[in-house]
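# Examination of the molecular architecture
Here's the letter readout for the chains.
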Amino acid sequence: MWRRVASSLSPMISSSSSSSRSLALNQAASGLKLGEFFSTHMINPEERVSPPKEKAPFITFVLGGPGSGKGTQCEKIVETFGLQHLSAGDLLRREIAMNTKNGATILNLIKDGKIVPSEVTVKLIQKELESSDSSKFLIDGFPRTEENRVAFERIIRADPDVVLFFDCPEEEMVTRVLNRNQGRIDDNITTMKKRLKIFNALNRPVIDYYKNKGKLYTINAIGTVDDIFQQHVLPIFNSFEQFKESRHVNPKSTISSSLVESSS
Ligand SMILES: Nc1ncnc2c1ncn2[C@@H]1O[C@H](COP(=O)(O)OP(=O)(O)OP(=O)(O)O)[C@@H](O)[C@H]1O
Ligand SMILES: Nc1ccn([C@H]2C[C@H](O)[C@@H](COP(=O)(O)O)O2)c(=O)n1
Ligand SMILES: [Mg+2]
């Protein structure tokens, strides 16, 4: 069930700088682990943030409604390009399974299709980033809200390099979720309707934010898993210098319908 949380359970802290394209090269050159770029800086006892650094990881945010196929495509990206996959939902479900102090609250919120307070989610992501050896991350299902986004910027002190948005009609998302069969507490029609409402109200502004920043790639999420990956996802990563050496599939792909969007 937790297969998408790629790193171990070790607790810690993290952060990075704003634009982060060159971390992989910088990191290789310096021989440092990612955690060493995320040195802890005490602001107050409740919230640890890191000072801005010159070097930062390559961060991809993966957005889309419930059942749009984010996790499925993330698995393919991991296979092909070796990014570390952090699913915010999986991290939260792990808290429930481990019965941590926030576990019961998280369970009630997820059951009701609601969003967990940003501090909780960002700190879980922070621990994973801090303890990881990777320099390239897929952060799946995050940010869900503008509050999530701002909390990430404040605590992690990083911006994404790329934002993928899997654009899927509601009817299709409902069908996929109701057929998922992974035993998720929120995979029922009542919770799904609430999740869709929250997605439209709270995630759309985040999507618009990254569109305006010129970082958004909108991907048509209708089609087979392989076609979506080959035709849309693969060319996006192929276009980044950082992934040239990790390409294993269809190196001839070129960017087509998934050109980066901007509001201008
Ligand atoms: N292109 C596709 N066509 C048909 N079914 C798909 C496709 N992509 C994923 N699925 C299936 O739809 C279901 C939902 O996919 P997935 O778990 O990847 O969505 P998600 O966006 O991560 O959803 P959530 O936000 O609820 O975690 C899964 O059962 C998956 O196998
Ligand atoms: N940033 C996030 C991500 C997830 N959650 C909660 C609410 C979601 O309905 C649930 C499941 O997430 P998914 O696996 O569908 O990505 O987890 C949240 O509150 N904040
Ligand atoms: Mg998912």
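For every chain, the first residue of the written sequence is number 1, and numbering continues from 1 onward in sequence order. In the order they appear in the text, chains get letters beginning with A and ligands get numbers beginning with 1. With the structure being a predicted model, the display of local features is reserved for residues of pLDDT at least 70 and the display and counting of side-chain atom pairs for 80 or more, all residues being used for whole-chain, interface and lining totals. With hydrogens and water set aside, each side-chain value is computed from the structure's full complement of heavy atoms.

By definition, two strands form a pair when at least two bridges between them are found by DSSP. Strands here mean DSSP runs of E at least two residues long; helices mean DSSP runs of H or I at least four residues long; both are numbered from the N terminus. The strand order across the open sheet built from 5 strands is β4-β5-β3-β6-β7, with neighbouring strands paired in parallel fashion. If you trace the sheet from one side to the other, it starts and ends with β4 (84-87) and β7 (216-220), each paired once. Direction aside, the axes of adjacent strands within the sheet are offset by 20° on average. Where strand β3 (residues 58-64) lies against strand β5 (residues 136-140), 5 bridges are found, and the strand directions are parallel. Among the inter-strand pairings, phenylalanine 61 is bridged to a residue of β5, identified as isoleucine 139. Whether two residues are in contact is decided by their heavy atoms, any of which lying within 4.5 Å being enough. Axis angles are defined between N-to-C directions and span 0 to 180 degrees, where every axis is a line fitted to C-alpha atoms and, for a helix, only to the segment in contact. Set on the sheet, helix α2 (residues 70-81) makes contact with β3, β4, β5 and β6 (162-167); between it and β5 the angle comes to about 170°. Together, β3, β5, β6 and β7 form the strand contacts of helix α9 (residues 225-238), whose direction differs from that of β7 by roughly 170°.

Bringing the site of ligand 2 into the picture now. Summary of the distance rule: residues count as near a molecule or strand when at least one heavy atom falls within 4 Å of that molecule or strand. Around ligand 2 there are 16 residues in total, and Arg93, Val116, Asn148, Arg184 and Arg195 lie nearest to it. For ligand 2, an oxygen atom lies 3.1 Å from a polar atom in the side chain of arginine 144. At 3.0 Å, a side-chain N or O of arginine 184 approaches an oxygen atom of ligand 2. In the complex, the protein chains occlude 96% of the 440 Å² of accessible area that ligand 2 would expose alone. Using protein atoms alone on a 1 Å grid, points that fit a 1.4 Å probe yet trap it form a cavity, whereas open point sets bounded by protein on both sides within 12 Å along at least five of seven lines form a pocket; residues with an atom within 4 Å of a point count as lining. Should more than half of a molecule's atoms lie within 2 Å of a pocket's or cavity's grid points, that molecule is taken to sit in it. In this structure the site holding ligand 2 corresponds to the largest pocket. Considering each element in turn, the shell around ligand 2 owes the most residues, 4 residues, to helix α3 (residues 88-97). Within 3.5 Å is the distance limit for a polar contact, defined as a pair of N or O atoms, with the added protein rule that one can donate a hydrogen and the other accept it, and that residues adjacent in sequence qualify only through two side-chain atoms. In short, Shrake-Rupley with a 1.4 Å probe defines the accessible areas, and a residue's cover is counted only from the protein chains shown.

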